[in-house]
Amino acid sequence: MKRIGALLLVLGLAALGARAQTITGSGTTNTIPQFTSSTSIGDSPLLQFNGNIGINSANPAAKFEVKDFRDVDADGFGPSAIRGIVTCRLNNFCSAVRGDAFTPGSGSIGVVGVQNANDTGGGGGVLGLSFSNTGFSYATRGDALGTSGAAIGVMGITMSPQGDGGRFVGVRGDSGTIIRGDVGSPGAGTEFTVFRVDGNGAVHANGGFRPFGADFAESVAVKDGAEHYAPGDLLVIDASGERRLSLSQTPYSTLVAGIYSTQPGVVASQHRMDEALPNNEVPLAVIGIVPCKVTSENGPIAAGDLLVTSSKPGHAMKGTDRARMLGAVVGKALQPLEKGTGVIQVLVTLQ
């Protein structure tokens, strides 16, 4: 029996040797090999250098670096250097690609997307796509989970004077929303909208607006061009009837329209955002508190005095002739002027 077993072992080894094939080939140092045929090996696109792994990269500068030099296909779609695909079998949080940065202090970034087209064309650093047609979904999301400090969920910065720090596009016109701001706990069903810009560009806000300026102004054309006017000028309706203004010239003019606003809080305009703005318009303060040029030609001005046009172009004076003040008052003085000319704060109340 021992002889039979030894004979079978010899026959098996002989058969195995008959089936064995010799593997041949060569490669480049630090390059991870791959089978180029069933019996040969050669270089693969993977390279190990200084502890880093690269694909199509001779000197990978990161633990894992991928370079893709393929062009777009016949349909115009480009390749992806890295693509992550995940299938969540439960309705919970999962990610196809994730980047974590645990650097103590500031400056650490989990994921960086860089687009180096420079002057050769457009593109983007990071793109998020969502194809869901039902339920709540989002293409890109930023969560700031810190409970203190100046944490920001999403931040956009532009270095170009023609660029935008952030841009939002709504393609549904007046039936959609471009920007919406909610407060409350996300996903808990307690959030509610406090700010919204609809598809027409109309702004809806629960809390109102707190601009720096203290008046409401309207952009209005002026006679002879805006370069002949300055903030604080008292303006009247130009008698030409061409819907334009000019400097006040005569006392107690009932054509008084308002004051050239120095720092308007709100500026209304008849021009749409995509229209080129004319260079012959100035912001006319029609309500609010604004600086105004004044003169004491009709006596010292005290706080609370009603102001009318004066004989000095673009200046207001104290009104004293009640019979001439109907329809000629531009506002009330909030500061005094003892003598000469100056600029004081005026509450614009046309009457």
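Residues numbered from 1 in each chain as written. Predicted model: local features only at pLDDT ≥ 70, side-chain atom pairs only at ≥ 80, totals over all residues. Heavy atoms only, no water.

1. Considering the overall build of the protein chain
Here's step 1: Helix and strand content of the protein chain: one helix and 18 strands.
Here's step 2: Within the protein chain, residue pairs in contact and separated by at least 24 positions form 43% of the contacts whose partners lie at least 6 positions apart.
Here's step 3: On the protein chain, roughly 25000 Å² of surface is accessible, and the fraction owed to carbon and sulfur atoms is 54%. (Helix = DSSP H or I, 4+ residues; strand = E, 2+ residues; numbered from the N terminus. Contact = heavy atoms within 4.5 Å. Areas by Shrake-Rupley, 256 points an atom, 1.4 Å probe, with all protein chains shown as cover.)

2. Description of the environment of G125
Here's step 1: Of note, G125 is situated in the loop between β5 (64-66) and β6 (177-183).
Here's step 2: Classification of G125 as partly exposed rests on a relative accessible area of 40%.
Here's step 3: Setting aside chain neighbours within four positions, we find G125 in contact with G113, V114 and Q115. (Buried < 20%, exposed > 50% of the residue type's maximum accessible area, 1.4 Å probe, protein only.)

3. A word on the pairing of strand β4 (residues 52-55)
Here's step 1: With burial as the criterion, only one face of β4 is covered, namely that bearing N52 and G54; the residues I53 and I55 on the opposite face remain uncovered.
Here's step 2: Note that strand β3 (residues 40-49) and β4 share four bridges and pair antiparallel. Its bridge partner lying in β4, L46 is registered against I55.
Here's step 3: Counting the residues in the hairpin turn of β3 and β4 gives two residues, including N50, whose phi is positive at 50°.
Here's step 4: Direction of pairing for β4 relative to β5: parallel, over a ladder of three bridges. For G54, the partnering residue across the bridge sits in β5 and is E65. (Pairing = 2+ DSSP bridges.)

4. Comments concerning the pairing of strand β10 (residues 234-237)
Consecutive residues of a regular strand have side chains that alternate between opposite faces of the sheet.
Here's step 1: Where β10 meets strand β12 (residues 256-260), three bridges bridge the pair, whose relative direction is antiparallel. Across the sheet, residue V236 finds its bridge partner in β12, namely V256.
Here's step 2: Of the strand pairs in this sheet, β10 and strand β11 (residues 245-247) are connected by three bridges, and their pairing is antiparallel. Opposite I237, over in β11, you have L245 as the bridge partner.

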